[in-house]
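Residue-level structure breakdown
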Amino acid sequence: MSALAAPADPVPGPGGAEQAAEAVVGKRGGALRRLPGKAKAGGVILGVFIFVAIIGSAIAPYDPSATIPGQALPTAPSAAHLLGTTSTGQDVLSQLLVGTRSTVVLGLLTGVIATALSVLIGMSAGFMGGLPDEGLSLLANVFLVLPALPLLVVILGYLPHSGELPTAIVLSALGWPWGARVIRAQTLSLRGRDYVAAARESGERTWRIIFFEILPNEIGLIAASFVGTVLYAILTSVALAFLGVSNLSSWSYGTMLYWAQNGNAVQLHAWWWYAPPGVCAALLGMSLVLLNFGLDELGNPRLRSIRPGRRGRRSWRPADPTPVQEPPSGAADHSGLRGAESGRP
Amino acid sequence: MWFIARRLAFYAVAAWAAITVNFAIPRILPGNAVDSMLAKFPQLDASSLHALEAEFGAHVHGSIFSQYFTYLGNLAHGNLGLSVTLYPSKVTTVLAQTLPWTVILVGTATIISFVLGTLLGIVTAWRRGGWLDRMLPAFTFLQATPYFFLALIAIELFAVNWGLFPFGQGYSLGLAPGWNWSFISSAIYHSILPAFTIVITSMAGWMLQMRNMMITTVAEDYVLVAQAKGLSPRRVMFTYAARNAILPNLAGFALSLGFVVAGALVMEIVFSYPGIGLTLYNAVTSADYPLLQGIFLVISLTVLLACLLADIVYFIADPRTRTRAAY
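Residues numbered from 1 in each chain as written. Chains lettered and ligands numbered in written order. Predicted model: local features only at pLDDT ≥ 70, side-chain atom pairs only at ≥ 80, totals over all residues.

**Focus on the overall build of chain B**
Along the backbone of chain B there are 14 helices and zero strands. The linear arrangement of helices and strands in chain B, starting from the amino end, is α-α-α-α-α-α-α-α-α-α-α-α-α-α. Taken over 327 residues, chain B has a buried fraction of 44%. Of the contacts made within chain B by residues no fewer than 6 positions apart, 74% connect residues no fewer than 24 positions apart. (Helix = DSSP H or I, 4+ residues; strand = E, 2+ residues; numbered from the N terminus. Buried ≥ 20, exposed ≤ 12 C-beta atoms within 10 Å, placed from the backbone. Contact = placed C-beta atoms within 7 Å.)

**A short note on the overall build of chain A**
Scanning chain A from N- to C-terminus turns up 13 helices and zero strands. From first element to last, N terminus to C terminus, chain A shows the α and β order α-α-α-α-α-α-α-α-α-α-α-α-α. A total of 345 residues make up chain A; the buried ones form 46% of that total. Restricting the contact set of chain A to residue pairs at least 6 apart, pairs at least 24 apart contribute 73%.

**Overview of the confidence of the model for chain B**
Looking at chain B, the pLDDT average stands at 78 and 83% of residues meet or exceed 70. As a predicted assembly, this complex carries a pTM of 0.71 together with an ipTM value of 0.71. (pLDDT = per-residue confidence, 0-100.)

**Some details on the confidence of the model for chain A**
All names here are of chain A. Taken residue by residue, chain A gives an average pLDDT of 72. The fraction at 70 or more is 72%. For chain A, per-element mean pLDDT is lowest for helix α1 (residues 2-5), which scores 35, and highest for helix α4 (residues 92-128), which scores 89. Scored below 50 in pLDDT, residues 1-29 shows 39 contacts in the model against residues more than four places distant or in partner chains. Scored below 50 in pLDDT, residues 303-345 makes 64 contacts in the model with residues more than four places away or belonging to other chains.

**Examining the environment of B:P100**
Note on placement: B:P100 falls in helix α5 (residues 91-126). Residues B:P100 and B:E268 lie 168 residues apart in sequence; the distance between their C-alpha atoms is 13 Å.

**Some remarks on helix α11 (residues 247-258) of chain B**
In this model α11(B) runs 17 Å from its N-terminal to its C-terminal C-alpha over 12 residues, within 8% of the 16 Å that 1.5 Å per residue would give. Where α11(B) is concerned, the buried positions are B:P248, B:N249, B:A251, B:G252, B:F253, B:S256, B:L257 and B:G258. (Expected span 1.5 Å × (residues − 1).)

**Brief notes about the nonpolar core**
Among the nonpolar cores identified, the biggest contains 163 residues, and A:A239, A:L257 and B:M214 are the most heavily contacted of them. Looking at this core, the element that brings in the most residues is helix α10 (residues 219-242) of chain A, giving 17 residues. (Core = buried A, V, L, I, M, F, W, Y, C linked by C-beta atoms within 7 Å.)

**Brief notes about the packing of helix α8 (residues 194-201) of chain A against helix α9 (residues 206-214) of chain A**
Residues and elements named next belong to chain A. The geometry of α8 relative to α9 is characterised by a closest axis approach of 11 Å and an angle of 145° between their N-to-C directions. Between α8 and α9 lies a crossing whose hand is right-handed. Residues Y195, V196, A199 and R200 of α8 form the contact with α9, whose participating residues are I209, E213 and I214. A per-class count over the contact of α8 with α9 returns five nonpolar, no polar and two charged. (Axes fitted to C-alpha atoms, helices over the stretch in contact; angles between N-to-C directions. Left-handed = near helix turned anticlockwise from the far one by under 90°. Nonpolar A, V, L, I, M, F, W, Y, C, P; charged D, E, K, R; others polar.)

**Some points on the environment of B:V94**
Relative to the helices and strands, B:V94 resides in helix α5. Given 23 C-beta atoms within a 10 Å radius, B:V94 is considered buried.

**Overview of the packing of helix α6 (residues 131-144) of chain B against helix α8 (residues 181-218) of chain B**
Residue and element names in this part refer to chain B. It is the contact of α6 with α8, at a shortest axis distance of 7 Å, that shows an interaxial angle of 125°. Between α6 and α8, the interaxial angle falls into the category oblique. The element α6 and its partner α8 pack so that their crossing is left-handed. Contact residues: α6 offers F139, T140, L142 and Q143, while α8 offers I200, T201, A204, G205, M207 and L208. Class assignment of the residues belonging to the contact of α6 with α8 gives a composition of six nonpolar, four polar and no charged. (Parallel < 35°, antiparallel > 145°, perpendicular 65-115°, else oblique.)

**As for unusual backbone geometry**
Here the phi dihedral of B:S272 falls at roughly 45°; this positive angle occurs in a residue that is not glycine. By the C-beta count within 10 Å, which is 11 here, B:S272 ends up exposed.

**A closer look at the environment of A:Y232**
Structurally, A:Y232 can be placed in helix α10. For A:Y232 and A:G285, which are 53 residues apart along the polypeptide, the C-alpha to C-alpha distance reads 9.1 Å.

Spelled out as C-alpha cells, the structure:
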C-alpha cells in the first residue's frame, strides 16, 4: 500500500511529530483521497465494467448474434468491426459490450448473497461457540465437501436457463462456506482478545460487541471474502459456459469463449476472437483484487499509522522515532530474552 | 484428547451427511443408469435389462429407506457398483486407475504453488513497496484469468507454436503404463505444462493472503520487540512475523489438499489428462451415476479429511482457538 501511494503522497519527514500529524490526517480527513493507487485503479476499472454493463447493449454497433451470410472464417479487426468478427461474421465488440452485463451482474449478485451468508453464519458460529458453532460448522463442512464444479455441472445442466438469479443462487449456495470458515476462525480468535473482554466487562451489549468491536476488525476479511466470491462466481460461470453448461444463446464472457473454442479460434490464430473475453474477465477479476487493497487498509487503522515507516526496500524502519540499529553480526541471538516477545506490560 | 474426540465425532456426522447427499443426487435428478445403458446398447433384451436394473439399482421397487440401507451396506463392503460407460469395469477399479494421475499432478502443483506463493507473500509484506509489491497487479491478473483460457494460450504457445511440450494426455501413446523409466519420464514430461498452468493461476491467491496477514502481524508489538532485541531481520521475518501470520494460509492449504481431487476438472478436460476430473466429467455428461457417485464419494471424504487436518493445524498452531467455550 505504501509505495504505490507514494506519488500522491509527499514523503514525510523523519520527525515523529510530523508522522503523528499525518496519521491523524489519515484518520480524519479524506480517507478516499488516501486510498492507495492500486485500490483507485481497481475502483476505476470496476467502474468502467459496471458502466459498460449498464450501457453496453445500447452502444453495441451491431446485433451480437447477427451473422454475415456466406462467411466461413473469422475476419481480423477493421474499421467496420473494431474487434473483428467470428467465423460466422458476428461482431466481437458487440458481443463483448452486450456480454459484460450478464457476467458483471452474475458476479456481484453471487458475491452479495454468498458474502451475506458467510458473515451471518461465520460470525454467529464463531461468537456463540458451543452447540450453535457445532451445528453451523457442520452445515458449512457439508457444503464444503460437496465438489462445487461437478455439482454445478449436474445441477445447472438440469435447471432451466432462466437468467442470472437462479445461477447466482446455486453458486452462492455452494460458495459461502469458504468465507464462513475464515470469518468463524477470525471471530473465534478476536473473541478471546483483551479489548473484547474489556468491552464485555464494561457492560457492552452483545450486538454492540459484534457490530462495533468485532465486525470492524473483520472488514478486511469480509472484503477479501466478497472479492473472492465475486471472482469465484465469474471464473466458475465462465468455466461452466466453457463446458457448455450455460444458456448458450445469451452473451457473456463465458459463452463467447465457448463459441470461440467451438469455432477453433485458437487454432485459426483469431486472437481478436478468443482474447477479448478472457482478458476482460481477467481485468474484471483483477479490479476486484486491487480494490481489496484499499478496503484492507481502511479496515485496519494500524496499517495507516505505521505507513510512513514502511517505504522502499528497507527491511525495517519503525514508525517510532527511536531508530532500531541493525545488530552486529553474531550478536543476533538473544534467546535469553525470548520471554519478552509476548510479554506486554 | 477431548478436543480430538469431539472433532472426530463431528466429522463422522459430516461424513454421514455427505454420504446421504451422495445417495440422494441420482434419485433427485432425472434419468438413470439403465436408461443411459439402453441408449448405448439399444438391442438389449428384457432379461438382460432386468439383470442390469438389479445391478445398477435403478427402478428398484423397495422403499427409499431399504434402498438407502442397501446403499450403506454396499458402501461398507467397498462395493461402489459397476460403471455404465466403462461397463463392465467396477467403479473402484476405475477410481484406482484414475486417482493417482490426479493426486500426483495436482498435489505436486498445489504444494509448489503454496510454498512459492507463501514465500513470495512473506517477502512482499516485509518489503512493502518493493518491486515484488509493485508486481502484485500482474500476479492478481494471472489469478483472475479464467483457467482454461490461460491453459489454451499455454498450449497454443508452448505446444503448437514452439513444440516444447505435448498437447495433452498423460503419457505418450505408444507406451504401456508401468514402473519403467521411459514411461515415468514420459508422464513427467506430459505433466509439466498442466502443472505450470495450475501453479501460475493459483499462486497469487496464497501470495495475497499471506501478504495481507503478514502486514497485520508485522505491526504487532512483539515484532517490534524482536527488532528492538536486535534479532536479525531474517529471523524476525520468519520466526516472529511469518510464523504468526501463516495460520490462515496453512489452514487454507490443508483444505486445498482436499480439493486436489476435485479441483482440476477443467485442467484435465483441456489437457485430456487421464485423471479423475476427466472421468467425472465424462460420467456427468453420460449420466454414469454409479461412477459419478463413486467419484463424489471419494472427493467428499478427501475434503472432509482435509477439513479435519485444517482444524488440527489451527488447534496446534493457535492457542487462542482453544479458549474456554470454543470447543
